[in-house]
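Breakdown of the fold
Okay, here's what each chain looks like letter by letter:
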Amino acid sequence: YVSVLALRYAVDDFVIAVKQGALRSDASNAPAGAAPVAQPQSMLRPRRTRVYVAVHRHDNQIYFKRLEPAAYRLLKALQQGETLARACAIALPRSASSAPAWQQKIRGWFQNWAEWGWFCRP
């Protein structure tokens, strides 16, 4: 399962920071019956910035993967049923769509996405 998101805040970083803080506060050598000591936690708000993220699960764990804007547009177009050729046309800047660097980039994206199990039969 993969969700492709365009966000206005870096919530992926925020969620990871919250989880890391929760894990640190839960880890303790105190005896099981000891009362927990409340510690003040200060969390900074996520910074406002345009972020493209794929959220996916693997072995019951949730993962966040930052995406380049073109990769986001490509995945979004594929999710909406576009053909691969049309999705590439939508995703890539017109001036760069035939450049060898983009071909390498797209090949790398698909290689990673396939390794992560993002593609399957509907």
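Notes on the structure follow. (Residues numbered from 1 in each chain as written. Predicted model: local features only at pLDDT ≥ 70, side-chain atom pairs only at ≥ 80, totals over all residues. Heavy atoms only, no water.)

**Describing the packing of aromatic side chains**
Counted according to the given criterion, the structure contains eight aromatic pairs. Relative to Trp118, the ring of Trp113 lies with its centre 6.1 Å away and its plane at 15°, an arrangement referred to as stacked. Of the two residues, Trp113 and Trp118, neither departs from the other in class, the shared state being buried. Centroid distance Trp113 to Phe119: 6.3 Å. Interplanar angle 55°. Geometry classified as tilted. Residue Phe119 is classed as partly exposed on the basis of its relative accessible area of 41%. An aromatic cluster is present here, built from Trp102, Trp109, Phe110, Trp113, Trp116, Trp118 and Phe119 joined pairwise through their rings. It is Lys105 that lies over the ring of Trp102; its NZ or CZ is 5.1 Å from the centre. (Phe/Tyr/Trp six-rings, centres within 6.5 Å; stacked < 30°, edge-to-face > 60°. Buried < 20%, exposed > 50% of the residue type's maximum accessible area, 1.4 Å probe, protein only. Lys NZ or Arg CZ within 6 Å of the ring centre and 35° of its normal.)

**Quick look at the pairing of strand S3 (residues 61-66)**
Sheet topology places strand S2 (residues 48-58) next to S3; six bridges connect them, and they run antiparallel. Bridge pairing links Arg57 to Ile62 in S3. Between S2 and S3, which follow one another and run antiparallel, lie two residues, and Asp59 among them has a positive phi close to 50°. (Pairing = 2+ DSSP bridges. Helix = DSSP H or I, 4+ residues; strand = E, 2+ residues; numbered from the N terminus.)

**Points about the pattern of salt bridges**
For the structure shown, the criterion picks out one salt bridge. Across the salt bridge formed by Glu68 and Lys105, the nearest N and O atoms sit 3.0 Å from each other. Within this pair, whereas Glu68 is found in the loop between S3 and helix H2 (69-79), its partner Lys105 is found in helix H4 (residues 100-115), the two being separated by 37 residues in sequence. (Salt bridge = Lys/Arg side-chain N within 4 Å of Asp/Glu carboxyl O.)

**Digging into helix H3 (residues 84-91)**
Taken together, the buried positions of H3 are occupied by Ala87, Cys88 and Ala91. Each buried residue of H3 sits inside an arc of 100° when the element is viewed along its axis, so together they form one side. Contacts made by the buried residues of H3 are with H2 and H4. (Arc of directions from axis to C-beta. Contact = heavy atoms within 4.5 Å.)

**Structural notes on the sheet that holds S3**
If you walk across this open sheet you meet the three strands as S1-S2-S3, and the pairing is antiparallel. Of all the strands in the sheet, just strand S1 (2-9) and S3 have a single pairing partner and so form its edges. Across the sheet, the axes of successive neighbouring strands diverge by a mean angle of 30°, strand direction being ignored. Sheet analysis places S1 next to S2, joined by seven bridges and oriented antiparallel. Bridge assignment links Ser3 to a residue of S2, and that residue is Val55. (Axes fitted to C-alpha atoms, helices over the stretch in contact; angles between N-to-C directions.)

**Some remarks on unusual backbone geometry**
In this structure, Asn60 takes a positive phi of about 60° despite not being glycine. Turning to its location among the elements, Asn60 is positioned in the loop between S2 and S3.

**Describing H2**
Restricting attention to buried positions, one finds in H2 the residues Ala70, Ala71, Tyr72, Leu74, Leu75 and Ala77. Structurally, H2 contributes buried residues whose contacts are with S1, S2, H3 and H4. A positive backbone phi angle near 90° is found at Gly81, which sits one or two residues after H2.

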